[in-house]
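# Understanding the architecture of this molecule
The residues making up each chain are set out below.
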There are 2 protein chains.
Amino acid sequence: MIGETKIVVIGCGAAGGTAAQLARKTNRKAKITIFEKGKYSQYSKCGLPYVISGQIKEFNDLVEFSKNWFEKERIDIFLETTVDKINIKNRKITTKKKDKKTETEYDKLIIATGAEPFIPPIENIWKNNKLIEGVNILRTIDDGKRISSEIEKGKYATIIGAGLIGLEIAEALYKKGMRITIIEALPGILENTLDNDMSEPIHKELQDKINIYTNHITTKVEQKQGKIKQIVIKNTITNKERKIDTDILVIATGTKPNISLAKNIGCKIGKTNGIIVNERTETSVNNVYAVGDCTEYKDFVTAKATSIGLGSIAVRQGIAAGINAAGNEYVLPKGLLNTRTSKFFGFEVAAVGPLRNACEKIPVIYGKFTGSSLLSYFPGGEPISIKIGVNKETGEIVSAQAVGSNAAQRINVCACAILNSANVEAVRKLETAYAPSIAPTLDVLTIACDVAFLKYSRNKR
Amino acid sequence: MIGETKIVVIGCGAAGGTAAQLARKTNRKAKITIFEKGKYSQYSKCGLPYVISGQIKEFNDLVEFSKNWFEKERIDIFLETTVDKINIKNRKITTKKKDKKTETEYDKLIIATGAEPFIPPIENIWKNNKLIEGVNILRTIDDGKRISSEIEKGKYATIIGAGLIGLEIAEALYKKGMRITIIEALPGILENTLDNDMSEPIHKELQDKINIYTNHITTKVEQKQGKIKQIVIKNTITNKERKIDTDILVIATGTKPNISLAKNIGCKIGKTNGIIVNERTETSVNNVYAVGDCTEYKDFVTAKATSIGLGSIAVRQGIAAGINAAGNEYVLPKGLLNTRTSKFFGFEVAAVGPLRNACEKIPVIYGKFTGSSLLSYFPGGEPISIKIGVNKETGEIVSAQAVGSNAAQRINVCACAILNSANVEAVRKLETAYAPSIAPTLDVLTIACDVAFLKYSRNKR
C-alpha cells in the first residue's frame, strides 16, 4: 500500500521541488506528480538579483532541477498548470492547462503554493491590472527579465523596502551603474533582520553610495507616456512630500502567502496569514501537508507564530514533507531559528533568533562586541560585530546578530547553540579554532558571550 | 587579604601573559610579578612563520603586549630572568638575572614555563651544545631571526615533521623561493590533525609543489665547513637510505613540556609528561597553578590525558588561572576539544575532537560529505569536505574534521555541538544561514551529519 502511494505536490519552488525529490528518495515506488503554475521547474528565487547584476550569466542558470531532471527521477511534472480545486472527500484535485481540465487522485497532498509580493497602495502604478512600464516586483524569472530589460532605458532606480531583498536588488542595480534611492516606511533599514543598534552603522555607511529615505512611504507615481518618470514620497512623521526621479521602481515590501486553495479545503490559517503546519509539516486537514512560503510555523525561542520567508526553511520543510508523505518519518525542530544572512555593498550580515522587539515575553539581556577577524599583528583582518541575546533567567542563548567578516558562519555557531539550548556560560568558554591567518585566539563571538555572561551573572546575584 | 594577594607568574608566553592580565582585571590591588627567561614579553609564537614568509614585516610586530604595557597595568615584569628554585614552604621563589639572585614571595604561583622543541637524535647536528649552521628549530623570535638570516644563503630547505607547524614553515620558505622537502616518520602528513582519509587528498596535491617523504626518518647530517650540506634519510619500512640536498633544515617534530621547576616542588606529572592540572588550572601543590604548553589536561570526549599544544588553549587556561589566583572563580570545561586549524598552500584545514585512532574506548561512526561552499549556479564556490564523528551508542557528535572553504568556522559549529553534547539528529536539522553569495541552502556540514545519522540509526535498529 505504501509502495503505491500517490503523492501530489502543488508548486515546484524550493519547498515543493524538494518535497517531491525527498518523497522519491524515500519511496522508489510512489507515484509522484508536481503541478506548477509557472513556466519553470525548481529554480532559485534568491539568485534573481545576481542575474540582474551580471554576476550570474542567464536567468536559466538559476534552474537547479529541470523538468527533465524530475522526469528522470520518474516524477511527473506539469508546468503552466494551475490547480482549480481540491476535493478532500474523494482525494482528487482538478488542474487546468490552457482551459483543459484534468483530475488527479492523491493519497498525500503537499501544498507548496508559495507567496506573492505584497504591493502597497500607490497611486498610478496599475494599468489594466498590470504594473505600468518601469514599475516592478522581483519574485519570478519573468520579473527578473523585465527588470533587466528596463535597465538600459534609465539612470535612476528606486527600491521600496530596505529589507535584505531590497538591498540585494539595490546592489544589483548599483552594479549596473544606476543611481539608487531606497524608500523605507520604518525608521531604519533591515528592520526584520537586525536590531537598530546593529543596522545603524550599515545605514550610515550606505548613505555614501545610495540615497535612503526611512520613515517615508511612496504615495504616487508620475508617469509620462505610460512609463514611470517620478515617484512621490511622503515623510510619515512630518507629512512632507518629495519627488524622486525614477526610471525603474522595484517594490520589495515583503510577501503574502498564497493560501486560497488551502483555505478552501479548510486548512487552518494562522495569525500571519499562512497555513498552520506542525513539525511534520502536516496541516489541519488529513493527508494534506504544506511547505514553504505559504505556511506558518512557530518561532523556536518565543513559540510565536512566524511566517516563512527563507529558502533554507522552505527546503527543510520540503525534506520533512517529502519523507513523511512517502511513508517514513521526519520531525523538524520544535520551531524556527530563522537563521538569515546576506551580503551587499561589502557588508556581510547574519542573524539568528528573534529580534529584540519580538521578545516581549522573554527577558533578554545583550552582550555586544566589535573586534577584528584576525589578531592585530596579522594583515588583512576585517571588522566583525556580534551581539548575543541571553535569557536573563535561564542563561540560555536566544539570539545573535553579526555584521562583518564571516558573519554567517559565526551565526551558525550561535544557531547550533540555540538549537541545543546552550548556556552562555558554556559558549563563552568554547574553544574556537585559532590560527594567525584564520581567526584570533579568542573569537569576537566568545567575547560577546563574555559580555552577555557578565550582565547575566550580575543580574543573578 | 585577597586585595593584597601576591601573584607570581613564571613565563610570559600566551598562557602566562594572559594569566597576569586576567589577574589584574580581577583584582586591582593584587601585586603581580612576571619572570620571563627570554628577551621578549608576550608575543605570538604562532606568527613566526609569517614573518619568515614576509607576510608580517618584523619579528617585533609579533609582540602583542610589551614590557611597557604590562608596567602600565602595574604588573612587574622581569625579562631574561630565570627561576632557580621554588620554596613552597615559605612561598618564595629565587630568580636569577646575570648571576644576580633575588627572592620573591608569592601567595599564588602560576607556572607557565611552556615547552621546548623535541629534537630527535640525528648525527652531526650538534656542535658545542649548539645546532650547527643551517640546522634550525622554530620556537622563539631568535629562532625565527636565525632562519630568516639563512634563507639568502641557500636554495634547498628541508623540514622534518609534516604537522601543522611543519607545513606552515614549509609554506613560508616556499614563498621565499626555496625548494622544499618534508621528511615525516609517520605514514601520512598531519597525523595529529586529521584522519588519513581527510589528509590524503592534501598530501597528493602538495606533492605537485614540494617533495614529501613519509615513513622516513633523518639519521644524519652531512656538513661542509661547519655548515649543513645534505641530510641522510632512511625509509623506516625498507631501510633504504637516500641523501637530500639541504641548505636549511628545520626540525618541527613536536615539543616537550618544561616541567623541571614543577617537578622539583612535587607537582604531579602526567602520562604526556605535562604538569597535571584541573579545570581551575590548579596543580597538585597548594597555591600553585600551571598553564599552557607545560601542562596536561583531559580530552573532553575520551577523558584521556592530553598535552597542550595550542595557543587558544594556553590563553583559555591563562584566563582561568589569572581569575582563580586573583580570588574569583573560573572553571574550564571538563576537557579539551582541541579545536585546531591552519592554512597552507591554499588549503584550509580544521578539526575538533579526537582522531579516529584516539577513540579506542568510544565506538564512533563517521559521516563524510564533500560539496561546494556555494550553490552550483553561483560563481566562486569552493570545495569543502567535512567528516563528522558520532558516538554509535548515544548519537552525540564527538569529532569533526574539515578541509576547504571556511573549514575553521564550520568546525566551530561542531565544537559548539560537542561542548553542548548535541546529538547528530538535532544538528543535521540545524538551520544554517543561507544566501546565494554566502552559503548553500543545506550546508555541507549538515549533509555530513545526515550521512552520519543514517549510519547511526541503521546501527540502532
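Residues numbered from 1 in each chain as written. Chains lettered and ligands numbered in written order. Predicted model: local features only at pLDDT ≥ 70, side-chain atom pairs only at ≥ 80, totals over all residues.

## Concerning the overall build of chain A
Looking only at helices and strands, chain A features 11 helices and 28 strands. Relative to the compact-globule value of 23 Å for 461 residues, chain A shows a C-alpha radius of gyration of 23 Å, a close match. When its C-alpha atoms are laid out on the principal axes, chain A stretches across 65 × 60 × 40 Å. Counting all 461 residues of chain A, 54% fall into the buried class. (Helix = DSSP H or I, 4+ residues; strand = E, 2+ residues; numbered from the N terminus. Rg over C-alpha atoms; globule rule 2.2 N^0.38 Å. Buried ≥ 20, exposed ≤ 12 C-beta atoms within 10 Å, placed from the backbone.)

## Here's the deal with the interface of chain A and chain B
Accessible area lost upon the coming together of the parts serves often as the stated size of an interface. Contacts between chain A and chain B engage 58 residues on the former and 58 residues on the latter. Only α8 (311–325), β24 (340–344), β25 (347–352), α9 (407–419) and α10 (424–427) of chain A provide two or more residues apiece to the side of chain A that touches chain B. Sort the elements by how many residues they give to the side of chain A that touches chain B and α9(A) lands first, with 10 residues. For the side of chain A that touches chain B, the class distribution of residues is 34 nonpolar, 15 polar and nine charged. (Contact = placed C-beta atoms within 7 Å. Nonpolar A, V, L, I, M, F, W, Y, C, P; charged D, E, K, R; others polar.)

## Describing the sheet that holds strand β6 (residues 100–105) of chain B
All names here are of chain B. A sheet is described by the order of its strands in space; here three strands give the open sequence β4-β5-β6, paired in antiparallel fashion. Whereas interior strands pair on both sides, the edge strands pair on one side only; in this sheet they are β4 (82–87) and β6. Taking the axes of each pair of neighbouring strands and ignoring which way they run, one obtains an average angle of 25 degrees across the sheet. Direction of pairing for β4 relative to strand β5 (residues 92–97): antiparallel, over a ladder of five bridges. Paired with V83 across the bridge in β5 is T95. (Pairing = 2+ DSSP bridges. Axes fitted to C-alpha atoms, helices over the stretch in contact; angles between N-to-C directions.)

## A closer look at helix α9 (residues 407–419) of chain B
Residues and elements named next belong to chain B. Counted at 1.5 Å a residue, the expected span for α9 with its 13 residues is 18 Å, and the 18 Å between its end C-alpha atoms agrees. By the criterion of burial, α9 is predominantly enclosed, with 13 of the 13 residues buried. Just past α9, the residue S421 takes up positive phi, approximately 50 degrees. (Expected span 1.5 Å × (residues − 1).)

## As for the relation of the copies chain A and chain B
The two copies are related by a screw operation: chain A maps onto chain B through 180 degrees of rotation and 0.0 Å of translation along the axis, at an RMSD of 0.0 Å. With respect to symmetry, the two chain copies, as superposed, fit the operation of a two-fold axis. Taking the C-alpha atom as reference, chain A places A:V413 closest to the rotation axis, 2.2 Å from it. (Least-squares fit on C-alpha atoms with pLDDT ≥ 70 in both.)

## Re the packing of helix α1 (residues 14–26) of chain B against helix α8 (residues 311–325) of chain B
All names here are of chain B. Where α1 meets α8, the axes come as close as 7 Å, and the angle between the chain directions of the two elements is 35 degrees. With respect to the hand of their crossing, α1 and α8 are arranged in right-handed fashion. Of α8, the residues touching α1 (which contributes A14, A15, G16, T18, A19, A20, Q21, L22, A23 and T26) are G311, A314, V315, Q317, G318, I319, A321, G322, I323 and A325. Taken together, the residues that form the contact of α1 with α8 break down as 12 nonpolar, eight polar and no charged. (Left-handed = near helix turned anticlockwise from the far one by under 90°.)

## Comments concerning unusual backbone geometry
Residue and element names in this part refer to chain A. Located in the positive-phi region is R91, a residue other than glycine, with phi close to 50 degrees. Mapped onto the fold, R91 is located in the loop between β4 (82–87) and β5 (92–97). R91 sits in the partly exposed class, given 18 other C-beta atoms within 10 Å.

## Digging into the domain arrangement of chain A
Residues and elements named next belong to chain A. Here chain A is partitioned into domain 1 (2–115 + 256–325), domain 2 (119–251) and domain 3 (340–460). For domain 1 versus domain 2, the distance between C-alpha centres works out to 30 Å. Contact residues are listed per partner, giving 13 residues for domain 1 and 14 residues for domain 2. Split into classes, the residues belonging to the side of domain 1 that touches domain 2 amount to nine nonpolar, three polar and one charged. (Domains from an automatic or database assignment.)

## Some points on the pairing of strand β6 (residues 100–105) of chain A
Look at any regular strand and the pattern is simple: side chains alternate between the two faces of the sheet. Residue and element names in this part refer to chain A. Little of β6 sits inside the fold, with zero of its six residues counted as buried. Where β5 meets β6, six bridges bridge the pair, whose relative direction is antiparallel. Residue pairing across strands places K97 opposite K100, the latter belonging to β6. Connecting the antiparallel pair β5 and β6 is a turn made up of two residues, with K98 showing a positive phi of about 45 degrees.

## Re the pairing of strand β16 (residues 227–235) of chain A
Residue and element names in this part refer to chain A. Looking at chain direction, strand β15 (residues 216–224) and β16 are connected through eight bridges and run antiparallel. Looking across to β16, one finds that E222 is bridged to Q230. Taking the residues between adjacent antiparallel strands as the criterion, β15 and β16 are bridged by two residues, where Q225 takes a positive phi near 50 degrees. As defined by bridge partners, β16 adjoins strand β17 (residues 241–245) across five bridges and the pair is classed as antiparallel. Each bridged residue has a counterpart across the sheet, and for I231 the counterpart in β17 is I244. Between the end of β16 and the start of β17, which pair antiparallel, lie five residues, with N239 showing a positive phi angle near 65 degrees.

## Some words on the sheet that holds strand β1 (residues 6–10) of chain B
All names here are of chain B. Reading across the sheet, the five strands line up as β3-β2-β1-β7-β21 and stay open at both edges, with parallel pairing between neighbours. Of all the strands in the sheet, the pair left with one neighbour each is β3 (75–78) and β21 (288–290). Geometrically, the sheet is characterised by an average inter-axis angle of 15 degrees between neighbouring strands, direction not taken into account. Looking at chain direction, strand β2 (residues 31–35) and β3 are connected through four bridges and run parallel. Within β3, the residue paired with I34 across the bridge is I77.

## A look at the environment of A:P257
All names here are of chain A. Of note, P257 is situated in strand β19 (residues 255–257). Taking the C-beta count within 10 Å as the criterion, P257 has 25 such neighbours and is therefore assigned buried. Look past the residues within four positions of P257 in its chain and what remains in contact with it is A115, N273, G274, D293, C294 and S307.

## Some details on the environment of B:K97
Of note, B:K97 is situated in strand β5. Separated by 13 residues in the primary sequence, B:K97 and B:D84 have C-alpha atoms spaced 10.0 Å apart.

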